[in-house]
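Per-entry structural report
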Amino acid sequence: LETPTAVTGSVEFDGTGDSISVSALLPTSTGTAFTVDMFWRSKSNSVQKCLWEQHDGGSGRTGYFVDGSNAYLISEGNTVGSFAYSDNVWYFTRVTYTAGGAIEVFVDGVSQGTGTQSVGVDNVDFVIGNRSGASESFNGYISNFRVVVGSALNGTEVPTHELEVIGDTVLLCCNNPDSAGAEATGKTITVN
């Protein structure tokens, strides 16, 4: 697998409040499957930082975090898929959610854990690179960020080239070092 920089570029988040936001992407109903894909590389994150989240303080908290030594999904307050990561290494992470409530985290094609999300995701903006309403901005790079609503993709598939727009894609971005590079969405993306 080539690094995203060699494939299509990436967006750098400097840990000082950078973020990309778009209106709600993840379904608010538990009856709709989804997948969130991304390549990411941490530069230095010694405390909890957020790579993506769609949460407003309600029970439907869903977001992906790093804390200096581990990366993990938070779903309804529960940690799912924790694994030890290293700075300056690219990882491909896929989070899948089935309409039946099972949520799973894959890193480089290997399952890191499963959980259950029994309520819908909060109906608020989807934020990349920081946490909604908190100062937990990520310090590192994100590339090939894709959100698919309606399908839980195969987690063991690791891409060998840049991600593409596939059926049910609602967002594909962070493929360009100079902009959000939005594709396949009619939504307005705000770069902060």
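Please refer to the structure higher up on the page.
Treat the numbers as computed from the prediction; the structure is a model and nothing was measured.

Re the overall build of the chain
Secondary structure summary: the chain contains 1 helix and 14 strands in total. Its C-alpha atoms put the chain at 35 × 35 × 35 Å along the principal axes. Across the 192 residues of the chain, 49% fall into the buried class. Taking the intrachain contacts of the chain between residues at least 6 apart in sequence as the baseline, contacts between residues at least 24 apart amount to 66%. Total accessible area on the chain is roughly 7,500 Å²; 43% of this is exposed by carbon and sulfur atoms.

A short note on the sheet that holds strand 14 (residues 189-191)
Taking strand neighbours across the sheet as the criterion, the 7 strands line up as 7-6-5-4-11-2-14 in an open arrangement whose pairing is antiparallel. The open sheet has two edge strands, strand 7 (78-84) and strand 14, and neither has a second partner. Each strand axis lies, on average, 15 degrees off the axis of its neighbour in the sheet, ignoring direction. Relative to strand 7, strand 6 (residues 70-75) runs antiparallel, the two sharing 5 bridges. Directly across from I74, in strand 7, lies its bridge partner T79.

As for the side chain of Q117
You can see Q117 is positioned in the loop between strand 10 (110-116) and strand 11 (126-128). Polar side-chain contacts of Q117 include one of 3.0 Å to the side chain of T62. Polar side-chain contacts of Q117 include one of 3.4 Å to the backbone oxygen of V119. Other than its neighbours up to four places away in sequence, Q117 contacts T30, G60, R61, T62, S75, E76, Y97, G101 and I103.

What to know about the pairing of strand 9 (residues 102-107)
Pairing between strand 8 (residues 91-97) and strand 9: 5 bridges, direction antiparallel. Within strand 9, the position partnered with Y97 by the bridge is I103. Between the antiparallel neighbours strand 8 and strand 9 lie 4 residues, among them G101 with a positive phi of about 105 degrees. Bridge analysis of strand 9 against strand 10 gives 6 bridges, and the strand direction is antiparallel.

Some remarks on the pattern of salt bridges
Evaluation of the coordinates by the stated rule reveals 6 salt bridges. Of the charged contacts in the structure, one is a salt bridge between D37 and R94, with a shortest N-O distance of 2.5 Å. With D37 in strand 3 (residues 34-42) and R94 in strand 8, this pair connects stretches of sequence that are 57 residues apart. In terms of burial, D37 and R94 fall into one category: buried. For the salt bridge of E53 with R131, the shortest nitrogen-to-oxygen distance reads 3.5 Å. Taken together, the positions of E53 in strand 4 (residues 49-54) and R131 in the loop between strand 11 and strand 12 (139-149) put the pair 78 residues apart, joining distant regions of the chain. Looking at R131, the relative accessible area reads 18%, which means it is buried. Where salt bridges share partners, they join E53, R61, R131 and E136 into one cluster.

Some words on the pairing of strand 3
Of all the 9 residues making up strand 3, 8 are buried; the element is thus mostly covered by neighbouring parts of the structure. Here strand 3 pairs with strand 8 via 7 bridges, running antiparallel. Bridging across to strand 8, D37 finds its partner in R94. Here strand 3 runs beside strand 12; their pairing, made up of 8 bridges, is antiparallel. From the neighbouring strand, F39 faces strand 12, where its bridge partner is S143.

Some words on the environment of N123
Relative to the helices and strands, N123 resides in the loop between strand 10 and strand 11. By relative accessible area, which is 62% here, N123 ends up exposed. Residues N123 and Y91, 32 residues apart in the sequence, show an inter-C-alpha distance of 28 Å. When near neighbours in sequence (up to four residues on either side) are disregarded, N123 contacts A24 and T28.

Rules of the game
Residues numbered from 1 in each chain as written. Predicted model: local features only at pLDDT ≥ 70, side-chain atom pairs only at ≥ 80, totals over all residues. Heavy atoms only, no water. Helix = DSSP H or I, 4+ residues; strand = E, 2+ residues; numbered from the N terminus. Buried < 20%, exposed > 50% of the residue type's maximum accessible area, 1.4 Å probe, protein only. Contact = heavy atoms within 4.5 Å. Areas by Shrake-Rupley, 256 points an atom, 1.4 Å probe, with all protein chains shown as cover. Pairing = 2+ DSSP bridges. Axes fitted to C-alpha atoms, helices over the stretch in contact; angles between N-to-C directions. Polar contact = N/O pair within 3.5 Å; in protein donor to acceptor, adjacent residues only side chain to side chain. Salt bridge = Lys/Arg side-chain N within 4 Å of Asp/Glu carboxyl O.

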